[in-house]
Amino acid sequence: MTPIDDHPLRYALVNELHARPFPSVGAPAHVVYLAIKEPFDAANRDRARDHAHLCDLLTRYGAAIPPGDVTHYSGEIGRHTLKWDSHTEFTTFLAYAPGVSARPFDPAEAEVFPSDWIQSAPGRRLAAVSIRIEDLPEETETILPLIDSWFVPESLVCTWVLEETAVIATDFRIDSAGQMRFAVFAKPGTGQGRIGRIVQRICELETYRAMSMLGLGRARALTQTLNALDPELTNLVALMNDDAHPAEDTLHRLLEVSTELESLAVTNTFRFSATAAYEAIVNERVEVLRESRFHGRQKFSEFMNRRYDPAMRTVKSAEVRLNAMVERAARAGELLRTRVDVARQAQNQKLLESMDRRSDLQLRLQRTVEGLSVVAISYYAVSLAAYAVYPIAKEIGISKEMAVAGLTPLVVAVVWLALRRIRNGVGH
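Reading the values: the criteria
- Residues numbered from 1 in each chain as written.
- Predicted model: local features only at pLDDT ≥ 70, side-chain atom pairs only at ≥ 80, totals over all residues.
- Heavy atoms only, no water.
- Helix = DSSP H or I, 4+ residues; strand = E, 2+ residues; numbered from the N terminus.
- Rg over C-alpha atoms; globule rule 2.2 N^0.38 Å.
- Buried < 20%, exposed > 50% of the residue type's maximum accessible area, 1.4 Å probe, protein only.
- Contact = heavy atoms within 4.5 Å.
- Areas by Shrake-Rupley, 256 points an atom, 1.4 Å probe, with all protein chains shown as cover.
- Lys, Arg positive; Asp, Glu negative; His and termini not counted.
- Charge placed at Lys NZ, Arg CZ, Asp CG, Glu CD.
- 1 Å grid on protein atoms, 1.4 Å probe; cavity = no way out; pocket = protein on both sides within 12 Å on 5 of 7 lines; lining within 4 Å.
- Points joined across faces, edges and corners; volume = space filled by probe spheres on them.
- Nonpolar A, V, L, I, M, F, W, Y, C, P; charged D, E, K, R; others polar.
- Phe/Tyr/Trp six-rings, centres within 6.5 Å; stacked < 30°, edge-to-face > 60°.
- Core = buried A, V, L, I, M, F, W, Y, C linked by side-chain atoms within 4.5 Å.
- Polar contact = N/O pair within 3.5 Å; in protein donor to acceptor, adjacent residues only side chain to side chain.
- Pairing = 2+ DSSP bridges.
- Disulfide = S-S within 2.5 Å.
- Expected span 1.5 Å × (residues − 1).
- Bend = angle between axes of the 7 residues up to and from the residue.
- Axes fitted to C-alpha atoms, helices over the stretch in contact; angles between N-to-C directions.

## Concerning the overall build of the protein chain
The secondary structure content of the protein chain amounts to eight helices and nine strands. For 428 residues, the compact-globule estimate of 2.2 N^0.38 gives 22 Å, and the C-alpha radius of gyration of the protein chain, at 45 Å, exceeds that figure by more than 25%. Its C-alpha atoms give the protein chain principal-axis dimensions of roughly 160 × 60 × 50 Å. Every one of the 428 residues in the protein chain was classed for burial, and the buried ones make up 41%. Within the protein chain, contacts between residues at least 6 apart in sequence are counted, and of these 73% link residues at least 24 apart. Surface accessibility of the protein chain: about 24,200 Å² in total, with carbon and sulfur atoms responsible for 57%. Put simply, the protein chain has 49 plus and 54 minus side-chain charges, and the middle of one group is 6 Å from the middle of the other.

## Here we look at empty space enclosed by the protein
Going through the model one piece at a time under the given rule, you end up with one cavity of 30 Å³ or more. In this structure, the largest cavity encloses a volume near 50 Å³. Looking at the lining of the largest cavity, its residues break down into four nonpolar, two polar and three charged.

## Some thoughts on the packing of aromatic side chains
Scanning the model with the defined rule gives 13 aromatic pairs in all. Ring plane angle 70° and centroid distance 6.1 Å describe the contact between Phe93 and Phe113, whose orientation is recorded as edge-to-face. With Phe93 in strand 4 (residues 90-98) and Phe113 in the loop between strand 4 and helix 3 (115-119), the pair connects residues that are 20 residues apart, well separated along the chain. Note on Phe113: relative accessible area 4%, which makes it buried.

## Things to note about the nonpolar core
Membership of the largest hydrophobic core comes to 64 residues, with the highest contact counts inside it found for Ile131, Ile133, Ile168, Phe172, Phe182, Leu261 and Phe300. Top element by residues in this core is helix 5 (residues 192-239). It accounts for 17 residues. Residues contacting Phe172, with those up to four places away along its chain left out, are Val157, Met180, Phe182, Leu205, Glu206, Arg209, Phe300, Phe303 and Met304. Counting 19 residues, the second largest nonpolar core, distinct from the first, contains Leu58, Phe93, Ala95 and Ala110.

## Quick notes on the environment of Arg10
Counting through the fold element by element, Arg10 comes out in helix 1 (residues 10-17). For the pair Arg10 and Pro28, spaced 18 residues apart in sequence, the C-alpha to C-alpha distance is 40 Å. Of the polar contacts made by the side chain of Arg10, one reaches the side chain of Asp6; its length is 2.9 Å.

## Some thoughts on the pairing of strand 4
Most of strand 4 is tucked away: eight of the nine residues are buried. Where strand 1 (residues 29-37) and strand 4 come together, nine bridges link them in antiparallel fashion. Within the sheet, the bridge partner assigned to Ala35 lies in strand 4 and is Thr92. Judged from the six bridges that link them, strand 3 (residues 80-86) and strand 4 form a sheet pairing that is antiparallel. Within strand 4, the residue paired with Thr81 across the bridge is Tyr96. The loop that links strand 3 with its antiparallel partner strand 4 comprises three residues.

## Description of the state of the cysteines
Under the definition given, this model contains zero disulfides. Of all cysteine sulfurs, the one in Cys203 lies closest to Cys158, which takes part in no disulfide; the gap is 18 Å.

## Things to note about helix 5
Look at helix 5: 69 Å from first C-alpha to last across 48 residues, which is about the 70 Å you get at 1.5 Å a residue. Maximal helix bending in helix 5 amounts to about 25°, located at Leu229; proline Pro231 follows within four positions.

## Description of the side chain of Ser101
Tracing the backbone through its elements, the reader meets Ser101 in the loop between strand 4 and helix 3. Here Arg103 takes part through its backbone oxygen, which lies 2.5 Å from a polar atom of the side chain of Ser101. For Ser101, the side chain forms a polar contact with the side chain of Glu109, separated by 3.1 Å. Excluding residues within four positions of it along the chain, Ser101 makes contact with Asp106, Glu109 and Arg132.

## So, the sheet that holds strand 2 (residues 72-77)
Ordered in space as 2-3-4-1-5-8-7-6-9, the nine strands form an open sheet in which the pairing is mixed. Looking at strand neighbours, the two that pair on one side only are strand 2 and strand 9 (292-293), the edges of this open sheet. Alignment of strand 2 against strand 3, held across six bridges, turns out to be antiparallel. When the bridges of strand 3 are listed, Ser74 appears paired with Lys83. Packing against the sheet, helix 2 (residues 47-60) makes contact with strand 1, strand 2, strand 3 and strand 4, and its axis sits at approximately 175° to strand 3.

## Describing helix 2
The end-to-end C-alpha distance of helix 2, which contains 14 residues, comes to 20 Å, matching closely the 20 Å that a straight helix rising 1.5 Å per residue would cover. Taken as a whole, helix 2 has its buried residues at Asp50, His51, His53, Leu54, Cys55, Leu57 and Leu58. In this structure, the buried residues of helix 2 make contact with strand 1, strand 2, strand 3, strand 4 and helix 3. Near the N-terminus of helix 2, the side chain that reaches the backbone nitrogen of Ala48, with its oxygen 3.1 Å away, is that of Asp46.

By themselves, these are just geometric observations and shouldn't be taken as functional.
So, in structure tokens, the structure goes:
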């Protein structure tokens, strides 16, 4: 075959498909997970700080330091295996090790991530998860007392997953150590890869749930602002039909409201778009668990439907309302600008009519002045011409008065024709 040059990104794109494998976790085991996010503008954060924070942790355990441009890492830190990932808005640390503590969800297990190291993170803790993995006994109902003692019954989720391969239980509450607890009971013989996928789905579910619900705070704050702007926008639209209020003043205030709404849209568009994307991931993660009911207990899908979906509907409602108000303000602005333009055109028409009337008046005055000018010029012209005609008139026996009388019509005609010619020349 004739050799063909590869696209420069071909291998990098293929390697990306295999860059983040699922962890391999057996039972029993414990997992500690941490997600860190910058509070503001996380998508444009300095990722070198994320790498430095990872290196700080690895240095404490004497582990090898990865290159500065990596976006994922996997290695050993003491008796734990660490899996690190850098995402668009956050970074995640997942540490797991075989065995479980005698005390369920012992806070000491989370000390794989030292508290002072967490405090120095380039961001804030978004999610912290503690997962306890045990073998599922043959009599499955025997785990119910354990689950009831570990979690709050009111919000307890306990369900079969992956064709009844394992049972997951949680109450989606944060305990006194700052961890959200999950219990996984895997059937004996379940492969480490499958348990690893369950662990990964649990961590992703909690992280993307938290990320998507960041939009809820924005939506609530936005709703308060819109509640203040909505009556004012409605009032401004109503004033459009009130001739007592100048349209230009109304348009000025309407443009201020429209500018504020556009600013709100620009500020919140990314967060609302991200919320929609994260919500889709959460729903997909719940779906791929392929859950079924465990001894009549609540499933993930039911919990999300009752507790999570209303929050997402609130975000969507705020986004729809904001977009609707932006469109209302834009339409009202266009209508009001049209009204102002029509009013200005009417004023311009009246101004042109007034100018026409003044032009007609000036023309009449000019003609009057021209008539007077003919008389005045003719008077002086006759006086001058008389001096030239007197000697001739005296020689032929014509009196001075008769000479002036005969000369006057001729001079007036010449002056009139001369002024007319001058006016026509200026007109052209």
